[in-house]
Amino acid sequence: MPPRRFPPSSVAAESKIDIPGLLSRLPLFSALGEAELAQIAADTAERRLMRAEMLFQRGDAPKGFYYLVWGQIKLAFSSPQGNEKIVELVGPLQSFGEALMFMNRPYPVFAEALADSMLLHVGERAVLHQLRQDPDFSCKLLAGMSIRLHSMVRDVESYSLRSSTQRVIGFLLQQAHVTPCSDGTPQTIELPASKQAIASRLNLTPETLSRIFHQLSTSGLISVQGRSITLIDTVKLAVHD
């Protein structure tokens, strides 16, 4: 088996990483002092994955939560027919799995690396200790879980009430951080994952996603070059949505 190779811009696999420093970049821990970060770090482990490597399987018992330092992770499940549905695409500096620490239930999804990745696993013991010590920490944790719940509800609403084209346009505008006061200036974005993964995330087939990209390109609303998408007029695109 060939040796693992990680991005050269990342911390080398053999080097000792600054776990407290990495934890301080997570909004949940940003207000903690050195002593509190040291306590969290003592129950935090580094995990490195190669592309296509599993982090955990559906049914595994959670023992804490994960914080992605760099790379990309997909959270997904497979149907009895073998079809895969991506629930969430996790990017750098995002965390996941917090709520399951308190539910005493196994993971309802599996987690797989879509790129070479490095994560921190924060043990539940350290989190529970901090919850008892710091009410502000409790509020931040609840806020983070509430945001994720709101996002899931929004996704269900999108799948139920919006057309396939509306879902794709909404995703593109979200990636470009387009606001209602946008002036329509062209913006180029890089898709955060493969088109197949994005199609699954939007509850579409890859063929449907390709067809919608083609239709939007023909209409002069976007330009597609591989994973690079130029939103030619964000105002018209938002109206089309």
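Residues numbered from 1 in each chain as written. Predicted model: local features only at pLDDT ≥ 70, side-chain atom pairs only at ≥ 80, totals over all residues. Heavy atoms only, no water.

Asks: Please give an account of the pattern of salt bridges that cites residues and values.
Replies: Summed over the entire model, instances satisfying the criterion amount to four salt bridges. Between E46 and R48 there is a salt bridge, and its shortest N-O distance comes to 2.2 Å. Judged by relative accessible area, which is 10%, R48 ranks as buried. The partner of K74 in a salt bridge is E112, and the shortest N-O contact between them spans 3.7 Å. You can see K74 sitting in strand β3 (residues 64–78) and its partner E112 sitting in strand β6 (residues 110–123), a full 38 residues away along the chain. Neither K74 nor E112 differs from the other in exposure class; each is buried. (Salt bridge = Lys/Arg side-chain N within 4 Å of Asp/Glu carboxyl O. Buried < 20%, exposed > 50% of the residue type's maximum accessible area, 1.4 Å probe, protein only. Helix = DSSP H or I, 4+ residues; strand = E, 2+ residues; numbered from the N terminus.)

Asks: How would you explain the pairing of β3 if you had to name every residue and give the values?
Replies: Most of β3 is tucked away: twelve of the 15 residues are buried. Of the pairings in the sheet, the one linking β3 to β6 comprises eleven bridges and is antiparallel in character. Across the sheet, W70 pairs through a bridge with M118, a residue of β6. In this structure, β3 lies alongside strand β5 (residues 94–96), joined through three bridges in antiparallel fashion. (Pairing = 2+ DSSP bridges.)

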